[in-house]
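Structural features, examined
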Amino acid sequence: MFQLLGLLTVITVIVGALIFSGSPAIMQALPFELALIGGAAIGTLLVGNSPRVARDAAAGLGKAVTGAKWKQSDYADLLTGMNDLIRRARRGGIVAIEADIEAPESSPVFINRPRLLADLDARSLITDSFRLLALNPGGKSPLQTHLDDAMGSIADTRHRAVNALNSLADALPALGIVAAVLGIIKTMGVIDQSPEVLGPMIATALLGTFLGVFLAYGLVGPLAARFGQVIDEEMRYLETIRTLLTAYDDGLAPATAIELARSGLPAHLRPSIETLDASMGTVESLPQRRLRGRTA
């Protein structure tokens, strides 16, 4: 909502100034110039990127306005779900959660958390990590290397869409110049006409430069920057999963692992201890269970 307000402010100010200061000829040419530059921009995006990156970049413009998808309730669901998996794995080994990691679509842990189940990166990070631990019981764990590689790959893939939008923002001023040059070429074809004819035509040509710069620095550039922030915020969800899996691999008690991950979250995303206790259907608080886990 905050980004939407800023977006509306920029558009209102610039378009309002254009309406009050521009001539009728400029307003008549505006749709054509927008279509010209916008069409060229879409083509540039498609030429320079794979279909997936181009699709993610286009979706990122909307995501920059809506913000990160993971909310406090999602983190509460993640912590309670991982608590279930870690506790059962501690008691019965990875074999105790084999059905959950091999078929998450039919696992109550994931079915009761549809947003986690629907996110392939988060779901795969959990299931692949437990599967890797099951393949190497008692040996030196390769989990940390796996987590680093997986997180790096996910971050790189997601930031490609941000880079695509940044490249588009860099290209827009040049596309505006192209539109302006086309207008000048048209004007030069009637250079023998009166100033009353040439003036509006030159103004219309310069409109292309104006739109290219405005779209680059007023819209696409800021939206790309915000999209990058949203991706970083959503990566925190995966970082929480990594913290929980690393704690499990290090042999920490489940309650300690959950509290370690919970306390590392920013305040606006951090579920309260009472919320987690209620979700797990327990009376004993997380700090008490952590203390008991250390003394057991």
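Scroll up to find the structure.
Residues numbered from 1 in each chain as written. Predicted model: local features only at pLDDT ≥ 70, side-chain atom pairs only at ≥ 80, totals over all residues. Heavy atoms only, no water.

**Focus: helix 2 (residues 24–48)**
With 25 residues, helix 2 extends 36 Å between its outermost C-alpha atoms, agreeing within 8% with the 36 Å of an ideal straight helix rising 1.5 Å per residue. Turning to helix 2, its buried residues are Ile-26, Ala-29, Leu-30, Glu-33, Ile-37, Ala-41 and Leu-45. In this structure, the buried residues of helix 2 make contact with helix 1 (2–21), helix 3 (51–66), helix 9 (143–188) and helix 10 (195–249). (Helix = DSSP H or I, 4+ residues; strand = E, 2+ residues; numbered from the N terminus. Expected span 1.5 Å × (residues − 1). Buried < 20%, exposed > 50% of the residue type's maximum accessible area, 1.4 Å probe, protein only. Contact = heavy atoms within 4.5 Å.)

**A closer look at the pattern of salt bridges**
One pass over the structure, following the stated rule, counts 14 salt bridges. A salt bridge links Asp-128 to Arg-131; the shortest N-O distance between them is 2.7 Å. Highlighted residues: Asp-128 and Arg-131, both in helix 8 (residues 120–135), separated by three residues, approximately one helical turn. Overall, the relative accessible area of 32% leaves Asp-128 in the partly exposed class. The class for Arg-131 is partly exposed, based on a relative accessible area of 26%. As a salt-bridge pair, Glu-259 and Arg-262 come within 3.0 Å of each other at their nearest N and O atoms. Linking Glu-259 with Arg-262, this pair stays in helix 11 (residues 254–263), spanning three residues, or about one helical turn. Pair check on accessibility: Glu-259 and Arg-262 agree, each one buried. (Salt bridge = Lys/Arg side-chain N within 4 Å of Asp/Glu carboxyl O.)

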